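Observations on the three-dimensional arrangement
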Amino acid sequence: MGTTQQQPPSDLGPQPDGSGIGAGAALPAASAASATPEVRSDMSGAASGATPAGRRTRRLSLGSASGIVPLARDFTRQALYDWGWLPAATADRRAAAEDVLLVVSELVTNACLHAEGPEELRVSLDAKVLRLEVEDRGAGQPAPRQPHRAGRPGGHGMFIVQRLCLDWGVVRSTGMPGKTVWAELAAPA
């Protein structure tokens, strides 16, 4: 496992500079899902100006895809390869990549089980932080199960997110149902 910190979810949303939000060029999908999801990639210096310098963002539309959790993991794994996290040269770097993939699985699974399904996955990276965002249609508030009991089945997803991430939180959609659950992990040194 990577770094662990016990923190409640933060109400901090996307940064005022629009971190993780921007227009990108369409790329071919890397999945054989029944409904082909849309994949977009935003690079630093994007024409829209919404992506801060040095931040790279990938977007995957999940609304009508099948096999959503493995699709989200594969999409994120490919981004980690493209960004040099994989193949991992050290055990610490490998653990950091595994933590990212586990958090993606937990966030997407939580959206599937409790929030009417995920709409979009966004993976953003700058020099120090990798940010995961899962947009869904649900009105609920994700929270780690209290008290956490390791021996009981189920209910561990948000506890895992809380333990592995630097910070996480929820941003409510304005004027429509839904929210974005985000989590940030430290980039390996």
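A few points on the structure. (Residues numbered from 1 in each chain as written. Predicted model: local features only at pLDDT ≥ 70, side-chain atom pairs only at ≥ 80, totals over all residues. Heavy atoms only, no water.)

1. Digging into the overall build of the protein chain
- For the protein chain, the count of helices and strands is three helices and seven strands.
- The linear arrangement of helices and strands in the protein chain, starting from the amino end, is β-β-β-α-α-β-β-α-β-β.
- Expressed as a percentage of the 189 residues in the protein chain, the buried residues total 44%.
- Sequence separation of 24 or more characterises 60% of the internal contacts of the protein chain that already satisfy a separation of 6 or more.
- Only carbon and sulfur atoms are counted for the fraction: they give 55% of the accessible area of the protein chain, which is about 9,400 Å². (Helix = DSSP H or I, 4+ residues; strand = E, 2+ residues; numbered from the N terminus. Buried < 20%, exposed > 50% of the residue type's maximum accessible area, 1.4 Å probe, protein only. Contact = heavy atoms within 4.5 Å. Areas by Shrake-Rupley, 256 points an atom, 1.4 Å probe, with all protein chains shown as cover.)

2. Some words on the pattern of salt bridges
- Per the counting criterion, the structure on display carries 11 salt bridges.
- Its salt-bridge partner being glutamate 120, residue arginine 59 comes within 3.3 Å of it at the nearest N-O pair. Of this pair, arginine 59 sits in strand β3 (residues 56-61) while glutamate 120 sits in strand β4 (residues 118-125); the two residues are 61 residues apart in sequence, bridging distant segments of the chain.
- In this structure glutamate 120 comes out as buried when scored by relative accessible area, which is 12%.
- Linked through salt bridges whose partners overlap, the residues forming this network are Arg59, Glu120, Arg122, Arg131, Glu133, Glu135 and Glu184. (Salt bridge = Lys/Arg side-chain N within 4 Å of Asp/Glu carboxyl O.)

3. What about the packing of aromatic side chains?
- One pass over the full model with this rule turns up zero aromatic pairs.
- Above the face of the tryptophan 182 ring, arginine 131 is positioned so that its terminal group lies 4.3 Å from the ring centre. (Phe/Tyr/Trp six-rings, centres within 6.5 Å; stacked < 30°, edge-to-face > 60°. Lys NZ or Arg CZ within 6 Å of the ring centre and 35° of its normal.)

The values are spatial; any link to function lies outside them.
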